[in-house]
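What follows is the residue order along each chain.
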Amino acid sequence: MNSAGGTLLIPWGTEAGCAHALQVSGLRVDYGPIPALREITFEARCGQSLALMGRNGAGKSTLLKALAGLVPSSGTGGILWRGQPLERNRREIAYLPQREEVDWNFPITVAGLVEMGRYAHLGAWSRFGARDAGVVDRAIEAMELSGLRDRPIRCLSGGQQQRAFIARALAQEAHVLLLDEPFAGLDREAVGILQRLFRQLTSEGRLLLASHHDLGTVCETFSHALLLNVETVACGTAAEVLTDHNVRLAFAA
Amino acid sequence: MMDIGQILSYEHNQEAIFAGALIGFSNGYLSGYIVLRKSALMVSSLSHSLLPGLVVASFLVGLSAWSGFTGALIAALIVGLGAILISKRSPLDGHSALGILHTGAFGAGLLLLSRAPGNIDLDHWLFGDILGLADADLWTAHGISALVLLTLTGFQRPLLLMLFEPSVARSVGIPVKSLDHLLMALSVLALVNSLQAVGCILSIGLLVTPAAILHLFASSPRVLFWGGGLLGAGASVLAVFLSNWFDCPTGAMIVVLLAGLFLVAFGVRQVADAMRRPTSP
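Residues numbered from 1 in each chain as written. Chains lettered and ligands numbered in written order. Predicted model: local features only at pLDDT ≥ 70, side-chain atom pairs only at ≥ 80, totals over all residues. Heavy atoms only, no water.

**Concerning the sheet that holds strand 5 (residues 84-85) of chain A**
Residues and elements named next belong to chain A. To be explicit about the condition: The rule for pairing is simple: two strands pair if DSSP sees at least two bridges between them. Helix and strand definitions here come from DSSP, where helices need a minimum of 4 consecutive H or I residues and strands a minimum of 2 consecutive E residues; each element is numbered from the N-terminal end. Any pair of residues with heavy atoms lying within 4.5 Å of one another is described as a contacting pair. Lines are fitted to the C-alpha atoms to define the axes, a helix being fitted only along its stretch in contact, and any angle between axes, read from their N-to-C directions, falls within 0 to 180 degrees.
Reading across from one edge, 2-1-4-5 is the order of the four strands in this open sheet, with antiparallel pairing throughout. Because the sheet does not close on itself, it has two edges, and the strands there are strand 2 (34-45) and strand 5. Summarising the sheet, strand 1 (residues 21-31) and strand 4 (residues 78-81) pair through four bridges and their orientation is antiparallel. Opposite leucine 22, over in strand 4, you have tryptophan 81 as the bridge partner. Across the sheet, helix 1 (residues 60-68) lies against strand 1, strand 2 and strand 4, angled at about 115 degrees from strand 1, the strand it touches most.

**Thoughts on the sheet that holds strand 10 (residues 231-237) of chain A**
All names here are of chain A. What the six strands build is an open sheet, ordered 6-7-8-3-9-10; its pairing is mixed. Pairing within the sheet leaves two strands with one partner each, and these edge strands are strand 6 (93-96) and strand 10. If you compare each strand with its neighbour and ignore which way they point, the axes differ by 15 degrees on average. Running over the sheet, helix 6 (residues 188-203) touches strand 3 (49-53), strand 7 (176-179) and strand 8 (207-211) and is turned about 145 degrees from strand 8.

**Some remarks on the interface of chain A and chain B**
Short version of the rule: Summed over both partners, buried area is the accessible surface (1.4 Å probe) that two parts give up on being assembled. A carboxyl oxygen of Asp or Glu within 4 Å of a side-chain nitrogen of Lys or Arg is what we treat as a salt bridge. Distance and chemistry together define a polar contact, namely a pair of N or O atoms within 3.5 Å, with one atom able to donate a hydrogen and the other to accept it when in protein, and with adjacent residues in sequence counting only for side-chain atoms on both sides. Under the scheme applied here, ten amino acids are nonpolar (Ala, Val, Leu, Ile, Met, Phe, Trp, Tyr, Cys and Pro), four are charged (Asp, Glu, Lys and Arg), and all others, including Gly, are polar.
On the side of chain B, 24 residues touch chain A, which itself brings 28 residues to the contact. Of the roughly 2200 Å² buried between chain A and chain B on both sides combined, carbon and sulfur atoms contribute 62%. The three residues of chain A that bury the most area against chain B are A:Phe106, A:Pro107 and A:Tyr119, which together make up 30% of that side's buried surface. Linking chain A to chain B there are two salt bridges. With a shortest N-O distance of 2.6 Å, B:Glu165 and A:Arg168 are connected by a salt bridge. Taken together, the connections running from chain A to chain B amount to eight residue pairs in polar contact (both at pLDDT 80 or more). Listing elements by their share of the side of chain A that touches chain B, those giving two or more residues are helix 2 (110-116), helix 3 (119-122) and helix 5 (158-171) of chain A. Here the side of chain A that touches chain B is built from residues that sort into 18 nonpolar, five polar and five charged.

**Here's the deal with unusual backbone geometry**
Note: most residues except glycine have negative phi, and most peptide bonds are trans. All names here are of chain A. Which entries qualify depends on this criterion: Only protein chains enter the calculation, and the probe is 1.4 Å; a residue is then buried if its accessible area is under 20% of its type maximum, exposed if over 50%, and partly exposed in between.
Located in the positive-phi region is arginine 82, a residue other than glycine, with phi close to 55 degrees. Among the secondary structure elements, arginine 82 is positioned in the loop between strand 4 and strand 5. Judged by its relative accessible area of 23%, arginine 82 falls in the partly exposed class. Despite not being glycine, glutamate 173 shows a phi value in the positive range, around 55 degrees. Its place among the elements puts glutamate 173 in the loop between helix 5 and strand 7.

**Some words on the confidence of the model for chain A**
The criterion, for reference: pLDDT gives the predictor's per-residue confidence on a scale running from 0 to 100.
Per-residue confidence for chain A gives a mean pLDDT of 87, with 92% of residues at or over 70. Low pLDDT, under 50, characterises residues 1-17 of chain A; the predicted model gives this stretch 27 contacts beyond four residues in sequence or across chains.

**So, the confidence of the model for chain B**
Residues and elements named next belong to chain B. In this model, chain B carries a mean pLDDT of 89, and residues with pLDDT of at least 70 account for 97%. Across chain B, helix 12 (residues 221-246) holds the top mean pLDDT of 95, while helix 7 (residues 123-127) sits lowest at 78. Reported confidence for the predicted complex is 0.84 by ipTM and 0.87 by pTM.

Have a look at this one:
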């Protein structure tokens, strides 16, 4: 497995072999009178992992939520996924909330959580069949959680919890994963495992977008980076973007 | 003291056992959703708003099964929808709005009651009278229980997604607001349904405690739903026997049984946690 961006794509949809793009142009989000995001324009392709960087309040979480359809965008900007408005392909996008936003006391096991990923395909009434069970099993295996299938989610470590949610996104057969601070609060070992799984997911042709606050680990974890300060400061490969000049611009108050 | 055979030989006991099992099961099943939605207090508020509906119904047409149900239902809907309207059109949150409206409604019910000509006997509506069920009550119990159970099982997947993570549910296109209102509407129906069994004051016991007991141990929401149903039904049936033996009100017996079981379960869980702690890393 390697993380060569865009070269090892699994054929997906109709345009087999060619990288699918997420195109954001002129995206604007307002919270009341306060602009949270202005004129955000960038493009990301499958096989990439994109770090969203910036100080608190720069709009990292808001951008993820806008992509997930959780906050409405204002103005004329738009989000295209595979050349179509994002709303048409909701279930190809999975949003993973910050850990503190999850109710860890909810009575559910790892397997139960991952099965929920199938609901987007099954709707309210279709039978949960053998194919669904297979997808769930593979997702649990891919996230190395096979031994923890029947463990309640409140009894998992931070890294395992993060992987359980990624497994659910895989069960949803999502092509784009939006992760809010996936590395927050993880110990060094858990970070290492998650970085390896990130590379595996992108090498399979998925697109990962994650808010991230640790400048020191961006280049080893992500192929690309987007620096935000309400507006786009810089976007490109992680090494290109993270120059001293750009970082100063993005983190200036 | 009568033995079980004697108790079962009375027709009104048979009906009470059947109705208790039915109402206990459907309300116990719903209790899983109410516990996971963390809306026990909200449903409790709504339960108090049933009173003015009962009083107005008795003023207008006299209290019968149908007028009581209808009055209670309308009162709860006015209070519930009113709270939603106020929270939408003002800076107040829904809980505060509900706090104002349900106490106001309950107080208005008490005032009206004090002006009632003659004596209105509301006791069995307030505290339940499962032994005095009429045929009409049974049919409402059938209908409402079936509606609640079918709706909850039919929409179980989207409801689960909504209960666990409303934001993610919305991102995959689930109408979270509508489902939330559906759950509230079913709770109101269940409250009205439990009037005969436990009465409006105690109804929240049957709509929270069954699933709360299981929430201490379970790691699957379905255990809360089905297990809550079985516990609700079991406690209701057992309460019919106990209240026959000890000659005491059945509604109170149902909620006391459930609350007692909860305390025992809580104790067991504390002991289990304490025993596990020293060995875990």
